[in-house]
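# An overview of the molecular structure
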Amino acid sequence: MWGAIRFLISLILAVWLAVWLAENPGWMQFEWLGYRVEMPFALMLVLVFLLGAVMAVLYRSWVGLRHVPSLLNRQRRERRMHRGYEALNQCMVALAAGDGGRAANMARRADELLDEAPVTLLLAAQAAQLRGDKESAGRYYQRMAEIPELEFLGLRGLFERAMEAGQRDRALSLAERARRLRPRAEWVLKGLFDLQVAAGQWERAQATVSEMAQAGLIGRDEAQHRKAVLLTQAASGTEESTAAPTALKTVSEAADMDANLVPAAIGKARLLIESGKGRKAVGVIERAWAHTPNPMLAELYLTARSPSNPLARFKALQGLAKRNPEHIESRVAVARAALDAKLWGEVRRYLDPLTKTGEVPPGRVCRLLAELEEQENGDADKARHWLSVAAISDPDPAWVCGKCGHLRGEWAATCDSCGSFDSLTWAVPGHAAGGQTPPAAAGSA
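Thresholds, definitions, all that
- Residues numbered from 1 in each chain as written.
- Predicted model: local features only at pLDDT ≥ 70, side-chain atom pairs only at ≥ 80, totals over all residues.
- Heavy atoms only, no water.
- Helix = DSSP H or I, 4+ residues; strand = E, 2+ residues; numbered from the N terminus.
- Expected span 1.5 Å × (residues − 1).
- Buried < 20%, exposed > 50% of the residue type's maximum accessible area, 1.4 Å probe, protein only.
- Contact = heavy atoms within 4.5 Å.
- Polar contact = N/O pair within 3.5 Å; in protein donor to acceptor, adjacent residues only side chain to side chain.
- Core = buried A, V, L, I, M, F, W, Y, C linked by side-chain atoms within 4.5 Å.
- Axes fitted to C-alpha atoms, helices over the stretch in contact; angles between N-to-C directions.
- Parallel < 35°, antiparallel > 145°, perpendicular 65-115°, else oblique.
- Left-handed = near helix turned anticlockwise from the far one by under 90°.
- Nonpolar A, V, L, I, M, F, W, Y, C, P; charged D, E, K, R; others polar.

Our focus in this paragraph is helix α16 (residues 310–321). In this model, α16 (twelve residues) spans 16 Å end to end at C-alpha, consistent with the 16 Å of a helix rising 1.5 Å per residue. Within α16, burial applies to F314, A316, L317, Q318, L320 and A321. Elements in contact with the buried residues of α16: α14 (278–289), α15 (295–305), α17 (328–340) and α18 (344–355). Taking the backbone nitrogen of L311 as reference, a side-chain oxygen 3.1 Å away marks N309 as the first, capping residue of α16.

And the structure:
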């Protein structure tokens, strides 16, 4: 619409100018190089207009000629980019199809045509990984790490390569650098935590746990539990040194964070006993026994109470067992003390329920019953019977790695075999041949 209006206005102005020139024809004359030229004013205007048009055409032609080289270069670049993006498409198709060789060739071609576009480096690295060429993948990731927009992704690739090669110090340095770029990234914080734990950097690992919780990667309870495990491990490394007061403070904090963490309760009780605070140790053990009984707690309890004779030890452990009377550790601990005190009836009272479950009793129960038959009645046949039952029953509990099944004599924050964090639990290592309790065993109990 506006174009039509402008055309109409231009037409009106042209008509008006033509009419005005017709009514005022006029003449112009000028002398140049001895010549006198006379012409109507309207003709002069036409000549001036034509001259201006010719000059405009010449100027545009001159400008166009000046831009011909740049135009040709641009067209060449466009064709090059078109071929590069075609190579990229073929590279992605090859990656999806699992064709590492073709993917690498297409990535290399795209890299040449697109002048190291960021996406070509990424695809080239992935193609090299698919082909199993770790050295080439590492070079591509290194180049990516030098480009700001790809630095984080390149650092991840280099981090994974360092972990595969067992270069933990380099991996830790790369993870720290990546954290400065994206402090809440999941792989960064988890990688840092694992490496800090492996290096025994317990304080730094605690700080990383806090960051993981703030980033929403783990819940509050899990964060508290991990910190308690780290504090317990940190304290265990100083128990035998002059830093015992610091260790006691550390392990006490761990026990407060997670009341169910048995190693923290054990460590706290041991340090309290060594510090001459047996009464406080008794309270710690009694609270821990209420939810997680453990033979080591029973041993520390007797050390803290210091009973003078076997009967006193029996009564002390009876009091501890009341905190969790039905647990097998309570029954076994009191039965062991009763056997030492030669209270045969008490031994049977605590062990009988464990032999009437319809399953093979635990090995330690069978061995106690064998001792009972030997000491009370001098019955070697029944003693041998219980020992034969113990041979097919489950082994005694121990610190077992839940990831690899490795056994450890003492608790630690990490597994010696597989390096897993917080994987050791007090449990039965494995199951021997199970079955129903032999009738003779049940009768002899």
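Further remarks concern the nonpolar core. Ranked by internal contacts, the top residues of the largest apolar core, which has 48 residues, are I285, L297, Y301, L317, V347 and L351. The element best represented in this core is α17, accounting for seven residues. If sequence neighbours within four positions are ignored, L351 has contacts with R331, A335, V365, L368 and L369.

This part takes up the side chain of E329. Tracing the backbone shows E329 in helix α17. Within the structure, E329 has its side chain in polar contact with the side chain of R364 (distance 3.0 Å). In contact with E329, not counting residues within four places along its chain, are W289, P293, P295, R364, P397 and W426.

Let's shift gears to the packing of α15 against α16. Running from N to C, α15 and α16 cross one another at 120 degrees; their axes reach a closest spacing of 10 Å. When the interaxial angle is binned, α15 and α16 end up oblique. The way α15 lies across α16 gives a crossing that is right-handed. Where α15 abuts α16, its residues A298, Y301, L302 and R305 lie against R313, A316, L317 and L320. A per-class count over the contact of α15 with α16 returns six nonpolar, no polar and two charged.

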